[in-house]
Amino acid sequence: MCGIVGCILKDDEAAPVLLECVKKLEYRGYDSVGIATPSSKINIRKDKGKISEAEKNVKLSDLPGNMGIAHVRWATHGIPTQKNAHPHTDCNGKIAVVHNGIIENYKELKNNLESEGHIFKSDTDTEVIPHLIEKFMDQGFDLEIAVRKTLDMINGSYALAVISTDEPGKIVGVRKESPMIVGKGDGDYFLASDVPAILKHTNNIIYLEDGEMVILDADGVTVKNVLGEIIEKEIHIIEWTPDMAEKGGFDHFMIKEIHEQPDAVRDTLMESSEIEKIVNNLGGIERICFVACGTSYHASLIGKYLFESLMGLPTDVILASEFQYSSKAMDEKTLVIFISQSGETADTLKALRTAKKRSETLVIVNVVGSTATREAKHVVFTRAGPEIGVAATKTYVSQLTCVYLLAAHMSKRMDLVEELHKIPKFMVEVLDNEDYIHRIAKKYKDAQDFFFIGRGFSYPTALEGALKLKEITYIHGEGYAAGELKHGPLALIDDGVPVVAVVAPGNIHDKTLSNVEEVRARGAHVISVGSSDDEILKSESKDMMVMDSEIDELISPIPYIVPLQLLAYYISVEKGIDPDKPKNLAKCVTVE
Ligand code: AGP
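Anyway, here's the lowdown on the structure attached to this text. Only a predicted model underlies this, so the values are computations on that prediction, with no experimental measurement involved.

**Re the environment of aspartate 138**
Logical step 1: Looking at the secondary structure, you find aspartate 138 in helix α4 (residues 128–138).
Logical step 2: Separated by 298 residues in sequence, aspartate 138 and tyrosine 436 have C-alpha atoms that sit 66 Å apart.

Laid out in structure tokens, this is it:
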């Protein structure tokens, strides 16, 4: 989940460009940052903390040369300190490596290397790599072969970029189960974990596959397969513009992305005909199984309610990390739908690789060219644009839009597609009411615990509201099916405890109101999300975030999440937390 960048530039100093690129990857980890460039020795600047903090202590871009590598870290092995920050070097400071992933057999390798006299400076798994490369270069192999020989020795997942003073002017990159893309500009060449990092410099992108190696030098980019043979790779022209990955006048990416949701839904609705084509090619599906993590899992839960209510199709939802233990019932008549914003989540990819052996697979994904898009049989793209904030917002509503389009085409409910086109307007109405939600956030920012309740289609919305709150405010927030409260959690409701009740109109309305009564009777402060004409709910609530009364229960999960995202965002801001970079989390979770 770290971020890596490498570049060779025709005319410019590399370090300032590497710093600017790596800032765009900070959503992948912000425990430490580092840059290295080669000259007669490897020059390194690195420190712990977010880039803005590290920059106060270390002049990160004060390094010579027109090429180098850089890294932002999300710690796995070794606490976030300067010595554990990447790049890591060999004994003589001639080789430097940045790494995203985990080396599973590093302990054994480290013991062997230490017994051969190698001196380690960090507690990371990564450091075995420069020492192994050093060992092979000392035996007379060139950098590329030494990297290949190192790969034969390490187990685990990696995206690596390596430089050496013995072969200045060259960067060797490899990937296995961690993302890496290559950018081919006009005399400027890049590798990176993700497209937005280098989008300002080039939109000509090559996607590396597992086992492939890229060699960057002044002459350009060469990609080789596992056997070391040169291979031709397609260059993809990326349509995202650099401004899409900027804050555009907003204080944080998260609030910008919340505001982009009406457009994200509109753009994703344009995928309708592509989805229809896929649906027409699906034959004999008797069962659906959704697989995902986190927010994408909540989008999947909505899928279950939708597919079961529209078509009566048996639908399971499995957390990707649990898939290996509970997927035995899948067969060739099961359509397994994976939802992943990044398309790189390790748990989801592992489940996808298992599922495709016996079932039809479809992935709903935001990142073009990501690993999931290359592994699933069918691919549906969410058109949310790049999402930088760690908390998923616009990608969630776009995922839901795809799930609804799939269900509409499978059930031939074209009236549902028409309903979906109204959603952007409903979202804009909530965004226009943002100041009111900010005031509610100020009132409740010091609460210790929050509960979120909902029934039916509103239950996953309650779960997602609770996840957003936890993620970016560090307040304990739990989502419950409203009817479950009396089976245990009600014991936790006391005077003044905030309970967010999601009460869409429709079938479940009255029953949810009874649950609202139950918590009110125990002193809870009810903050509700409900229809503007729902006078009873208004009278039961301390605060109410109102939604357009035209919103039908069936599509309510898409607009009804917006006030909950805003509530979490403003509580985070009021508590002085950076909502874009919540502690301990990263945007793309590439470890199991
Ligand atoms: C959402 O706010 C979280 N950051 C997280 O739960 C995320 O949804 C999860 O890690 C899955 O990621 P994916 O959609 O990229 O697979």
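**A short note on the sheet that holds strand β4 (residues 67–73)**
Logical step 1: The eight strands lie next to each other as β3-β2-β4-β1-β10-β9-β11-β14, forming an open sheet whose pairing is antiparallel. Here the strands that pair on one side only, and so sit at the sheet edges, are β3 (42–48) and β14 (236–237).
Logical step 2: The pairing of strand β2 (residues 32–38) with β3 spans seven bridges and is antiparallel. Considered in β3, the bridge of threonine 37 is made with asparagine 43.

**Re the pairing of strand β16 (residues 315–319)**
Logical step 1: Pairing of strand β15 (residues 287–292) with β16 involves five bridges; the strand directions are parallel. Counted as the bridge partner of phenylalanine 290 is valine 317 from β16.

**Remarks on the site of the ligand**
Logical step 1: Near the ligand, the surroundings consist of 13 residues, among which Ser296, Ser340, Gln341, Ser342 and Thr345 are the closest.
Logical step 2: Within the side chain of serine 340, a nitrogen or oxygen atom sits 2.6 Å from an oxygen atom of the ligand.
Logical step 3: Glutamine 341 is positioned with one of its backbone polar atoms (N or O) 2.7 Å from an oxygen atom of the ligand.
Logical step 4: When isolated, the ligand has an accessible area of 410 Å², and the protein chains bury 91% of it.
Logical step 5: When residues of the shell around the ligand are traced back to their parent elements, those giving at least two are α9 (294–311) and α17 (458–473).
Logical step 6: The element contributing the most residues to the shell around the ligand is α9, with three residues.

**Considerations on the packing of helix α7 (residues 261–269) against helix α13 (residues 394–411)**
Logical step 1: Where α7 meets α13, the closest approach of the two axes is 9 Å, and the angle between their N-to-C directions is 30 degrees. The angle between α7 and α13 places the two elements in the roughly parallel class. Considering the relative orientation of α7 and α13, their crossing is right-handed. Of the residues in α13, those in contact with Gln261, Ala264, Val265, Thr268 and Leu269 of α7 are Lys394, Val397, Ser398, Thr401, Cys402 and Leu405.

**Looking at empty space enclosed by the protein**
Logical step 1: In this structure the tally under the stated criterion is three cavities of 30 Å³ or more.
Logical step 2: As for the largest cavity, its lining consists of 26 residues, and the residues nearest its centre are Ser193, Asp194, Ser342, Glu344 and Val367.
Logical step 3: In terms of residue class, the lining of the largest cavity is made up of 14 nonpolar, five polar and seven charged.
Logical step 4: Both domains that meet at the lining of the largest cavity, namely domain 1 (3–243) and domain 2 (247–421), each give it at least three residues.
Logical step 5: A volume near 90 Å³ is recorded for the second largest cavity.
Logical step 6: Lining the second largest cavity are 14 residues, with Cys2, Trp74, Thr76, His86 and Gly101 sitting closest to its centre.

Reading the values: rules and limits
Residues numbered from 1 in each chain as written. Predicted model: local features only at pLDDT ≥ 70, side-chain atom pairs only at ≥ 80, totals over all residues. Heavy atoms only, no water. Helix = DSSP H or I, 4+ residues; strand = E, 2+ residues; numbered from the N terminus. Pairing = 2+ DSSP bridges. Near = heavy atom within 4 Å. Polar contact = N/O pair within 3.5 Å; in protein donor to acceptor, adjacent residues only side chain to side chain. Areas by Shrake-Rupley, 256 points an atom, 1.4 Å probe, with all protein chains shown as cover. Axes fitted to C-alpha atoms, helices over the stretch in contact; angles between N-to-C directions. Parallel < 35°, antiparallel > 145°, perpendicular 65-115°, else oblique. Left-handed = near helix turned anticlockwise from the far one by under 90°. Contact = heavy atoms within 4.5 Å. 1 Å grid on protein atoms, 1.4 Å probe; cavity = no way out; pocket = protein on both sides within 12 Å on 5 of 7 lines; lining within 4 Å. Points joined across faces, edges and corners; volume = space filled by probe spheres on them. Nonpolar A, V, L, I, M, F, W, Y, C, P; charged D, E, K, R; others polar. Domains from an automatic or database assignment.

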